[in-house]
Structures are given as C-alpha cells and as structure tokens.
Amino acid sequence: VPNTAKRPKGQSTPAPPVPMKKGSQPPPKGRPFDVLMREGSRLLESGKVARATKKFESAAAAKPRRPEPYAQLGWCAINLRAYGKAITHFKKSLQLKSTYPDGLFGLGVAYEKVGNRAEAVRALKSYLRWHPRGKKARMIRHRLERLEP
C-alpha cells in the first residue's frame, strides 16, 4: 500500500535507494585521518615503507592542509634513500606549518644525507630556535656539533 500522506509544503520526496547488485557491498567510506596516520606509522616502524607511504598519501589526500602526512612521507623517502623526494615532502610540511618540529628535523636530516651541510645546519638550528626544549633538541645539538666545523 503506497503512502499517500501529504508532505508539509517545501519538503521533497526522499530519493529511492539505489539498488545494489546481488552480492555487492556498498563502496568503502574514507578512512579517518588519525587512523591512516596511526597505521602508516606502525607500518613505517616495522619497515613496510611502501605500504606506509600509501597510508600517508591517503592521509594527505584526506587532510591536505595538515603537515603531518607530508613529514611522514619524507621519512618514508629517507628510508628508501630518495633524499630529493624527502626534501620535497619536508618542505611541503613546512609550507603548511613553518615551525613544524618533525618537518624541520627531517629537512635537516635529508639535507645532511645529500651532503648539503649548510642547509642541514640551517634547518636544525631552526628547530632549536622554535623548539629549544623539544623532544629532539638534545640529539640535534649533538648532531650540530658534528656538522659545524
């Protein structure tokens, strides 16, 4: 029996559900940003860099204005010894948040890997300027002692 009740003025009829093929499932919804970042970090820590990269790329697509996935992509690139790519990713994270600690530290490491000591020192000193008591401050001071003549 069809519903013939009148709707209040201005309310439209709801669209009928889209029929699905037998045995099919609805399309997957996007993974939440935090879940993608957590999964990517776990994969990166366990050495599954290619899989981690995909998680961080998805996180960056989900929230392109957040610096975290780009910095993590930088660490993935360092693990793959793709230092130029790492520099690009760290710079992207710093475009989004110029004082982002992991971006500054990662950029310093990446520059050090390509032999650009001056830029490495600059990035690491910038970390210390913005985060003098940061988690990596002590390690960075030791690294700077080694890098600076």
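Residues numbered from 1 in each chain as written. Predicted model: local features only at pLDDT ≥ 70, side-chain atom pairs only at ≥ 80, totals over all residues. Heavy atoms only, no water.

**A look at the confidence of the model for the chain**
1) Next: Averaged over every residue, the pLDDT of the chain is 87; the share at 70 or more is 80%.
2) Next: Predicted confidence is poor over residues 15–21, with pLDDT under 50, and the contacts of this stretch with residues over four places away or in other chains come to 2 contacts.
3) Next: Contacts from residues 24–28, a stretch scored under 50 in pLDDT, to residues over four places away or in other chains number 2 contacts. (pLDDT = per-residue confidence, 0-100. Contact = heavy atoms within 4.5 Å.)

**Considerations on the packing of helix 3 (residues 68–79) against helix 5 (residues 101–113)**
1) Next: Relative orientation of the contacting elements helix 3 and helix 5 amounts to 25 degrees, with a least axis distance of 9 Å. Accordingly, the angle class assigned to the pair helix 3 and helix 5 is roughly parallel. The handedness of the crossing between helix 3 and helix 5 is left-handed. Contact residues: helix 3 offers Ala 71, Gln 72, Trp 75 and Ile 78, while helix 5 offers Asp 102, Gly 103, Phe 105, Gly 106, Val 109 and Ala 110. (Axes fitted to C-alpha atoms, helices over the stretch in contact; angles between N-to-C directions. Helix = DSSP H or I, 4+ residues; strand = E, 2+ residues; numbered from the N terminus. Parallel < 35°, antiparallel > 145°, perpendicular 65-115°, else oblique. Left-handed = near helix turned anticlockwise from the far one by under 90°.)

**Some words on the packing of aromatic side chains**
1) Next: The full count for this structure, using the stated rule, is 2 aromatic pairs.
2) Next: Residues Trp 75 and Phe 90 carry aromatic rings whose centres are separated by 5.2 Å and whose planes lie at 75 degrees to one another, so their mutual orientation is edge-to-face. Taken together, the positions of Trp 75 in helix 3 and Phe 90 in helix 4 (residues 83–96) put the pair 15 residues apart, joining distant regions of the chain.
3) Next: Take Trp 75: its relative accessible area is 17%, and that puts it in the buried class.
4) Next: Here Trp 75 and Phe 105 contribute two aromatic rings whose centre-to-centre distance is 5.6 Å and whose plane-to-plane angle is 40 degrees, an arrangement assigned as tilted. Remark: Phe 105 occurs in helix 5 and Trp 75 occurs in helix 3; sequence separation between them is 30 residues. Each member of the pair, Trp 75 as well as Phe 105, carries the same accessibility label: buried.
5) Next: An aromatic cluster of at least three residues, connected via ring pairs, comprises Trp 75, Phe 90 and Phe 105. (Phe/Tyr/Trp six-rings, centres within 6.5 Å; stacked < 30°, edge-to-face > 60°. Buried < 20%, exposed > 50% of the residue type's maximum accessible area, 1.4 Å probe, protein only.)

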